[in-house]
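# Secondary and tertiary structure notes
Each chain, letter by letter, is given below.
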Amino acid sequence: MSVHTPDIKRVTTHTIQEMKNRGEKISCLTAYDYSMAGIVDAAGVELILVGDSASNVMAGHETTLPITIDQMIYHATSVVRAVKRALVVVDLPFGSYQGNSREALNSAIRIMKESGAHAVKLEGGLEIKDSIIRILSAGVPVMGHLGLTPQSIYKFGTYTVRAKQETEADKLIEDAKMLEDVGCFSVVLEKIPAKLTKKVSESISIPTVGIGAGPHADGQILVLHDLLGINKEFKPRFLRRYADLNGVMTDAISNYIKDVKGKSFPNEQESY
Ligand code: KIV
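Residues numbered from 1 in each chain as written. Predicted model: local features only at pLDDT ≥ 70, side-chain atom pairs only at ≥ 80, totals over all residues. Heavy atoms only, no water.

Heads up, the rule is: UniProt positions are given in the numbering used here, feature names are shortened, and annotations may be inferred rather than shown by experiment.
The protein is annotated in an unreviewed UniProt entry as 3-methyl-2-oxobutanoate hydroxymethyltransferase from Dyadobacter linearis. Quoted verbatim from the Sequence similarities (unreviewed entry) heading of the UniProt record, the comment on the protein is "Belongs to the PanB family." Of the protein, the UniProt comment under Function (unreviewed entry) reads exactly: "Catalyzes the reversible reaction in which hydroxymethyl group from 5,10-methylenetetrahydrofolate is transferred onto alpha-ketoisovalerate to form ketopantoate."

## Observations regarding the UniProt feature "binding site: 3-methyl-2-oxobutanoate" (unreviewed entry) in the protein
Counted only if it meets this: Note on definitions: the grid is 1 Å and covers protein atoms alone; a cavity is a set of points where a 1.4 Å probe fits but cannot get out; a pocket is an open set with protein on both sides within 12 Å along at least five of seven lines; lining residues have an atom within 4 Å of a point. By definition, any uninterrupted DSSP run of H or I lasting at least four residues is a helix, any uninterrupted run of E lasting at least two residues is a strand, and each is numbered from the N terminus. Categorising residues by exposure relies on relative accessible area from a 1.4 Å probe, with only protein chains included: less than 20% of the type maximum marks a residue as buried, more than 50% marks it as exposed, and the intermediate range marks it as partly exposed. Contact between two residues is taken to exist if any of their heavy atoms lie within 4.5 Å; hydrogens are not considered.
Sites flagged by UniProt as "binding site: 3-methyl-2-oxobutanoate" (unreviewed entry) map to D52, S53, D91 and K121. What stands out for the annotated residues spanning 70 residues is how close their C-alpha atoms remain, the widest pair being 12.5 Å apart. Lining the largest pocket, from the residues just named, are D52, S53, D91 and K121. Here D52 lies in the loop between β2 (47-50) and α3 (54-57). Given the relative accessible area of 4%, D52 is considered buried. Setting aside residues up to four positions removed in sequence, D52 forms contacts with T64, I67, M72, D91, E123 and Q151. With respect to the helices, strands and loops of the structure, K121 is situated in strand β4 (residues 119-121). Filtering out sequence-adjacent residues up to four positions away, K121 remains in contact with L49, V89, V90, D91, L92, M143, G144, H145 and V188.

## Quick look at the packing of aromatic side chains
The description of an aromatic ring pair rests on the distance of the ring centres and on the angle between the ring planes. This is how the line gets drawn: By convention, a stacked pair of Phe, Tyr or Trp rings (six-membered ring in the case of Trp) has centres within 6.5 Å and planes under 30 degrees apart, an edge-to-face pair has planes over 60 apart, and any other such pair is tilted. Remark: a charge is flagged as sitting over a ring if the NZ atom of Lys or the CZ atom of Arg is within 6 Å of the ring centre and within 35 degrees of the ring normal.
In the structure shown here, the tally under the stated rule is 1 aromatic pair. Lying across the ring of F156, R162 places its NZ or CZ 4.3 Å from the centre.

## Things to note about the pattern of salt bridges
It is possible for side chains bearing opposite charge to pair when their charged atoms get close. So the rule is basically this: A carboxyl oxygen of Asp or Glu within 4 Å of a side-chain nitrogen of Lys or Arg is what we treat as a salt bridge.
Per the counting criterion, the structure on display carries 8 salt bridges. In this structure, R110 and D70 form a salt bridge, with 2.6 Å as the shortest nitrogen-oxygen distance. Here the residue R110 occupies a position in helix α5 (residues 101-115), and D70 occupies one in helix α4 (residues 69-82), the gap between them amounting to 40 residues. Where K171 meets D175, a salt bridge forms, and the shortest distance between an N and an O atom there is 2.6 Å. Placement of the pair is K171 and D175 together in helix α8 (residues 166-182), with a separation of 4 residues, close to one helical turn. By relative accessible area, which is 38% here, K171 ends up partly exposed. For D175, a relative accessible area of 7% puts it in the buried group. Because the salt bridges share partners, they merge into one network encompassing D70, R110 and E114.

## Comments concerning the sheet that holds strand β5 (residues 142-147)
The strands making up a sheet associate through hydrogen bonds between their backbones, and the pairing can be parallel or antiparallel. Here is the rule: Here a strand pair is declared whenever DSSP counts at least two bridges between the two strands. With axes taken as lines fitted to C-alpha atoms, and helix axes fitted only over the stretch in contact, angles between N-to-C directions fall between 0 and 180 degrees.
A barrel is described by the order of its strands in space; here 8 strands give the closed sequence β1-β2-β3-β4-β5-β6-β7-β8, paired in parallel fashion. On average, each strand axis in the sheet is tilted by 25° relative to the strand beside it, whichever way the strands run.

## Here's the deal with the site of the ligand
The condition is simple: Whether a residue is near a molecule or strand depends on its heavy atoms: it is near if one of them lies within 4 Å of it. Within 3.5 Å is the distance limit for a polar contact, defined as a pair of N or O atoms, with the added protein rule that one can donate a hydrogen and the other accept it, and that residues adjacent in sequence qualify only through two side-chain atoms. Using the Shrake-Rupley algorithm and a 1.4 Å probe, accessible areas are obtained, with residue cover drawn only from the displayed protein chains. Under this grouping Gly is polar, as are all residues other than the nonpolar Ala, Val, Leu, Ile, Met, Phe, Trp, Tyr, Cys and Pro and the charged Asp, Glu, Lys and Arg.
In the vicinity of the ligand, the contacting residues are T30, L49, G51, D52, S53, D91, K121, H145, V188, I211 and V223. Within the side chain of S53, one N or O atom sits 2.5 Å away from an oxygen atom of the ligand. In the model, an oxygen atom of the ligand is placed 3.1 Å from a nitrogen or oxygen of the D91 side chain. In isolation the ligand has 250 Å² of accessible area, and contact with the protein removes 95% of it. Tallied by class, residues from the shell around the ligand come to 4 nonpolar, 4 polar and 3 charged.

## Let's talk about the packing of helix α2 (residues 34-43) against α4
For the record, the criterion: Small angles under 35 degrees read as roughly parallel and large ones over 145 as roughly antiparallel, with 65 to 115 read as roughly perpendicular and the rest as oblique. The crossing is said to be left-handed when, going from far helix to near helix, the turn is anticlockwise and less than a right angle, and right-handed when the turn is clockwise.
In the contact formed by α2 and α4, the axes pass within 8 Å of each other and the chain directions differ by 45°. By the angle between their axes, α2 is oblique relative to α4. Crossing hand, α2 versus α4: right-handed. Listed contacts from α4 to Y34, A37, G38 and D41 of α2 are S78, V79, R81 and A82. Of the residues assigned to the contact of α2 with α4, the class counts are 4 nonpolar, 2 polar and 2 charged.

## Side note on the packing of α8 against helix α9 (residues 194-203)
Where α8 contacts α9, the axes come no closer than 10 Å and their chain directions differ by 30°. Put simply, α8 runs roughly parallel to α9. The two elements α8 and α9 meet at a crossing, and its hand is right-handed. The segment α8 lies against α9, with A169, L172, I173, A176, K177 and E180 engaging L196, K199, V200 and S203. By residue class, the composition of the contact of α8 with α9 is 6 nonpolar, 1 polar and 3 charged.

Okay, structure coming up:
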């Protein structure tokens with residue numbers, strides 16, 4: 001659990017609602033560990049998501065399905081320890097909330113109690129309405145997630161853009177309205193056409209947060225490791241890389257190896 005720092009004003013679900021109301025964009029990023037979360041928070045993002053993308057980024061799995069609730073709590077606890085200002089949202093992992101609202105509530109309560117996070121995120125619309133309502137009834141803020149929902153990858157078969165057809169787009173709008181009606185504080189829109197994002201963002205009063213969803217969402221989110229250019233292979237069209245950390249890290253490590261082998265590290269000043 002993070003210690004309250006009196007001179008830093010914490011971001012809450014109300015803060016991001018007020019940002020939407022006054023037309024200020026919301027910046028969001030993922031983080032999975034203490035060191036990175038501290039940097040992301042100090043840089044000033046409003047929302048940090050402990051995404052189940054940790055399954056890919058941290059553990060090297062092909063999908064987000066294998067990550068467990070214990071592993072999510074481990075990541076979330078590390079992030080919460082570092083964060084002084086941002087709102088920390090944690091993904092409920094695959095299998096911890098679908099089809100059983102009581103289990104969904106237990107999962108959300110475990111995450112909130114054991115990690116000290118501030119909210120949870122669930123993927124899906126009408127199919128998981130009961131789970132969302134039950135979690136909300138315990139006073140736990142919920143963020144929705146529509147469009148490309150990676151936990152359902154085996155149902156869809158690909159990671160391509162979603163809701164291009166009218167029927168799927170109409171369902172997404174209905175789902176977004178339902179999420180607002182039941183009391184979610186925000187909704188992630190992943191990989192959908194920019195025009196649809198605009199329509200959804202104008203049809204609901206809660207903030208939308210886009211990833212691969214164009215410029216009209218009320219906020220944007222990226223996976224931190226993608227933004228930093230740590231993974232060279234992942235290059236979707238929606239990704240803007242702000243650094244080449246893969247190159248920077250490889251150079252630094254190569255120089256270290258060279259210095260060790262050349263016996264120039266450690267030198268006299270670096271020795272006791
Ligand atoms: O797990 C994750 O990182 C996410 C974001 C891509 C929104 O759900």
